[in-house]
Amino acid sequence: MFSSPYISSALSLVPLLLGWLGVFEGFSYIVAALIFVAAVIWAVVPVGTKDFVKQQYDAAVKEFVAGMPDTKKVD
């Protein structure tokens, strides 16, 4: 789901690590299961749909960044 398989695998291990530690155990396993299901669904989505989603995402990010106020201080 991310551009790097290393980032994807590291992020998917966070809920499992929390589950193993006993912190938010039920929540952790639910999040891990949702990440797995989303990854499986994304793997079977056609390439054309993935390209469309990427274009829409890029357009939304560009619009969001353009709407942000300038935070530079004027000296």
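My aim in this report is to walk through the structure given alongside it, one point at a time. A quick note: this is a predicted structure, and the numbers were derived from the prediction, not measured.

Rules used throughout
Along each chain, residue indices are assigned from 1 in the same order as the chain's sequence is written. Predicted model: local features are reported for residues with pLDDT of at least 70 only, side-chain atom pairs are reported and counted for 80 or more only, and whole-chain, interface and lining totals are derived from all residues. Side-chain measures were taken over the full set of non-hydrogen atoms in the model, leaving aside hydrogen atoms and water. To obtain an axis, a line is fitted to C-alpha atoms, over the contacting stretch when the element is a helix, and the angle between two such axes runs from 0 to 180 degrees between their N-to-C directions. Put simply, DSSP H or I for four residues or longer makes a helix, DSSP E for two residues or longer makes a strand, and each gets a number counted from the N terminus. For this classification, under 35 degrees means roughly parallel, over 145 means roughly antiparallel, 65 to 115 means roughly perpendicular, and everything else is oblique. Whether a crossing is left-handed or right-handed is set by the direction in which the near helix is turned from the far one by less than a right angle, anticlockwise for left-handed and clockwise for right-handed. Every residue pair with non-hydrogen atoms within 4.5 Å of one another is taken to be in contact. All residues other than Ala, Val, Leu, Ile, Met, Phe, Trp, Tyr, Cys, Pro, Asp, Glu, Lys and Arg, Gly among them, are scored as polar; the first ten of these are nonpolar and the last four charged. Helix span, as expected, comes to 1.5 Å for every residue beyond the first. The angle separating two fitted axes, one through the seven residues that finish at a residue and one through the seven that start at it, defines the bend at that residue. A side-chain nitrogen of Lys or Arg and a carboxyl oxygen of Asp or Glu constitute a salt bridge if their distance falls within 4 Å. Whether a residue is buried, partly exposed or exposed follows from its accessible area with a 1.4 Å probe, protein chains only, as a fraction of its type maximum: under 20%, in between, or over 50%, in that order.

Direction vectors running N to C along helix 1 (residues 5-21) and helix 2 (residues 25-44) enclose 155°, while the axes themselves pass 8 Å from each other. Here helix 1 lies roughly antiparallel to helix 2, going by the angle between them. Here helix 1 and helix 2 pass one another in a crossing that is left-handed. Across the interface between the two elements, Leu-11, Ser-12, Pro-15, Leu-16, Leu-18, Gly-19 and Trp-20 from helix 1 touch Glu-25, Ser-28, Tyr-29, Val-31, Ala-32 and Ile-35 from helix 2. Among the residues making up the contact of helix 1 with helix 2, the classes are represented as nine nonpolar, three polar and one charged.

Further remarks concern helix 1. A rise of 1.5 Å per residue sets the reference length of helix 1, with its 17 residues, at 24 Å; its end C-alpha atoms lie 24 Å apart and thus fit the reference within 8%. The largest bend along helix 1 measures about 30° and falls at Val-14, with the proline Pro-15 one to four residues further on.

Looking now at the pattern of salt bridges. Any two side chains of opposite charge can pair if their charged atoms end up close together. Evaluation of the coordinates by the stated rule reveals one salt bridge. Notably, a salt bridge pairs Asp-58 with Lys-54, separated by 3.4 Å at the nearest N-O pair. Of this pair, Asp-58 and Lys-54 both sit in helix 3 (residues 47-66), four residues apart, which is roughly one turn of the helix. For Asp-58, a relative accessible area of 36% translates into the label partly exposed.

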